[in-house]
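Analysis of the macromolecular model
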Amino acid sequence: MNTPMHNQALSDGPIGQPVDRIDGRLKVTGRATYAYEQNEMGPVAYGYILGATIARGRIDEIDVRQAERAPGVLYVMTYRNAPPQPAFGPPLTATPAEVFTRARPVLATDRIRYYDEPVALVVAMTFEAARSTASLIRVRYTAERGDHDLTSRLSEAYTPTRTNAGLQTDSAVGDFDTAFKAAPVMIDATYYTPYQSHNPMEPHASIACWAGEDLTLYTSAQTLANFRGGLANTLGIPQERIRVVSPYVGGGFGSKLIIHPDAVLATYAARVLQQPVKVALTRQQMYANAGHRAAMQHHVRLGADSTGKLLAMGYDVWSATSRFEEFCEQTAVFARSLYAAPNRLTRHRLVPVDLNRGEWMRSPGEAPGMLAFESAMDELAERLNQDPIAVRALNEPEIDPERGVPFATRSLVACMRTGAERFGWSNRNPVPGRVREGRKLIGMGMAAAIRPNYLGPSRAQVSMSPTGRVLVRLDMTDIGTGTYTILTQVAAQSLGVPMSTVQVQLGDSRFPQTAGSGGSWGAASAGSAVEAACQGLKQQIIQAAGVPYSDGQAQFAGGRIIANGRSERLTDLMMRAAPKGLQAEGGVGPMGDSYKNYSQHSNGAHFVEVSVDMDTAEIRMRRMLSVIAAGRVLNPKTARSQILGGMTWGIGAALMEQTLLDTRHGHFINHDLAEYLIPVNGDIADMDVVFIEEADEKANVLGIKGLGELGVCGAGAAVANAVYNATGIRVREFPISIDKLLPALAARDW
């Protein structure tokens, strides 16, 4: 009923509140269905992939006769009987967007391009039967000499047309060479970062089902539009005939932005057999077939005057790339916006190797780049005998140093100073190796963090039922970051209704298309789309309500519509004015003038304290603090979890994480979680996160920025700088493992 409004206080709403994960109970009780667990299609057959045992060459002979006779086997697919497929195409695609949706044929030819590339698929009634039968296939190869080493082949490096995301390969301002040679204080250092592998908890898996000419693919995907486009181009069918379903994703870190052999082979086998087929990559197969971060050599040159002001900044990166498909991380791009220097140079070069393509891995570019660059800044501060924070603050730019445009927001110095106060940075002894506790050396380090903020084209659909229930639909995915929760918060606040009345449905390509999860653009892009759809729905509600609400600026709060001194429950209004319910769709376009006219970044600062055993060189984390400025924080609880994950990733990159390549045979040798080391709870110790809110009206309608990947940026360098402060030993080849630290420790006269 209509009631007078007596100075009704409007609710602040759920945005900014530490709301628990909406999908949390489903996940901890095992009721969240991941790709391999989907069962609505009925009985399925199981596919198992057999991989090549050479890194480059041809298949001379493949004998599947014994495998085809094995019990329970339904089908054995090789290049000889695989369905016709398009050619893979040139190593460099025409546009960056085409990388995501290009055709990716599997079992298309007898050529072998990398170790463990699929050479056969066995489909059987059970997974065990398929796996055991794969061992019965006999393959004879002609192997060719492969090139796998990066550092010994830098002379073969070439200049790519572009880096990831279409960013410029090189940049130059002023005269770097002259300024660097004349600088009173110089740092000229080379760092090495290794191959790394994503290792999400959920392996890559797909179930393909055909109904006539229409395909439904249940899969683990970060961006459904990429999978749909990639499958359409591979199969040669219209996208409209493909439905991709991915309601829950057990992590991706960039490895699930494009289709991989599990999706392609499940699709082909299901079409041949006319029954659903599921294929999953084993943990071991993921290392070769699901991308990786490339090995890199970083050459950082910094020239400063005696006060610490940078006169020249140079950063060259050499990166390994697949011979058959180019991928160039934008490793040096962040340095173009981080510190002021009148003379600047950044360059990217690629060295072709016979491996599978590199791929986007959490914080592509910034993660390895800042590990090297922020270590070099620490070396500069020591050379100057100045505090590392003071040197960074002295070189704070007033505008973007290379683009020449103002920053939308810039809280880097505030992050560093807030962190220094909270961490007790003033207690740090700047002289390395001077602080001890028994046989433990104690050190403190810090590093800055920066990451560009993006916005991707996205749409959403929002409806309200006659009973006031709100349904939000978009093809956005939740890769474990809390998307279900924050979009519920956005819709509830925009419509002024309780969160309990809002249901968010994600991960179905039948819903409006979004930019998906990746690049830390998910919350901003999908959230802005939901907000736009809610605004459209509110206008429909106002029009349906009529006078008095259409005569003024109506507000929505507390489950009511309020205008002109009157208010009415939305449930009553809907039953009265819209008994069939209402629905609206809205969205956001690509980055517009605001991104052209302003430099859009999130910032942060990391602080670390470590201990190093003087006798064993064992490094232990004691405490870590990250101070983050990433626009308006939608949910401090889920945001904090994302930053903690990024900090942990940084610890791993600094101290243990690497995929070891046998350069003789092109084989990743530690291809499982027993030998690929990542931090566990015992490695982490005390961690804290502080947010500096800086709602950015120039970023998007919600004032939010990407933060998930920001937690990685610079975190590893803070660890490395703490190790140096503890020991006085600078390790420039990451990770800083015991074998690299112990000889120098043992040589010291402690």
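Higher on the page you've got the structure.
Read on for an overview of the structure. Every value quoted in this text rests on a predicted model; they were computed, and no experiment measured them.

It is worth spelling out the overall build of the protein at this point. When helices and strands are tallied, the protein shows 19 helices and 30 strands. The C-alpha atoms of the protein give a radius of gyration of 27 Å, which matches the 27 Å a tight globule of 750 residues would have. Summarising its shape, the C-alpha atoms of the protein cover approximately 85 × 75 × 50 Å along the three principal directions. A separation threshold of at least 6 residues defines the contact pool for the protein, and within that pool the share at least 24 residues apart is 81%. When the accessible surface of the protein is summed, it comes to about 28100 Å², and 50% of that surface belongs to carbon and sulfur atoms. When the 73 positive and 74 negative side-chain charges of the protein are each reduced to one mean point, those points stand 3 Å apart.

The next point concerns the pairing of strand S10 (residues 205-211). The side chains of a regular strand alternate, first on one face of the sheet and then on the other. Extensive coverage of S10 is indicated by the burial of 6 of its 7 residues. Bridge count between S10 and strand S11 (residues 214-219): 6 bridges; the pairing is antiparallel. Bridge pairing in S11 links Ile207 to Tyr218. Taken together, S10 and the strand that follows it, S11, pair antiparallel across an intervening segment of 2 residues, in which Gly212 is found at a positive phi of about 70°.

Counted under the stated rule, the structure contains 4 cavities of 30 Å³ or more. Within this model, the largest cavity holds a volume of roughly 200 Å³. What lines the largest cavity is a set of 19 residues, among which Arg104, Arg113, Tyr114, Pro261 and Asn356 lie closest to the centre. The residue inventory of the lining of the largest cavity, partitioned by class, reads 10 nonpolar, 3 polar and 6 charged. Its boundaries defined by the atoms lining it, the second largest cavity holds a volume of some 90 Å³. Contributing elements (two or more residues each) for the lining of the second largest cavity: helix H10 (366-384), helix H17 (636-655) and helix H18 (715-727).

Further remarks concern the environment of Glu61. Here Glu61 is to be found in strand S3 (residues 57-63). Among the residues examined, Glu61 registers a relative accessible area of 36% and is labelled partly exposed. Residues Glu61 and Gln583, 522 residues apart in the sequence, show an inter-C-alpha distance of 59 Å. Beyond its immediate sequence surroundings of up to four residues, Glu61 is in contact with Arg80, Arg138, Val139 and Arg140.

Parameters and conventions
- Residues numbered from 1 in each chain as written.
- Predicted model: local features only at pLDDT ≥ 70, side-chain atom pairs only at ≥ 80, totals over all residues.
- Heavy atoms only, no water.
- Helix = DSSP H or I, 4+ residues; strand = E, 2+ residues; numbered from the N terminus.
- Rg over C-alpha atoms; globule rule 2.2 N^0.38 Å.
- Contact = heavy atoms within 4.5 Å.
- Areas by Shrake-Rupley, 256 points an atom, 1.4 Å probe, with all protein chains shown as cover.
- Lys, Arg positive; Asp, Glu negative; His and termini not counted.
- Charge placed at Lys NZ, Arg CZ, Asp CG, Glu CD.
- Buried < 20%, exposed > 50% of the residue type's maximum accessible area, 1.4 Å probe, protein only.
- Pairing = 2+ DSSP bridges.
- 1 Å grid on protein atoms, 1.4 Å probe; cavity = no way out; pocket = protein on both sides within 12 Å on 5 of 7 lines; lining within 4 Å.
- Points joined across faces, edges and corners; volume = space filled by probe spheres on them.
- Nonpolar A, V, L, I, M, F, W, Y, C, P; charged D, E, K, R; others polar.

Such coordinate-based values are descriptive only and should not be taken to indicate function.
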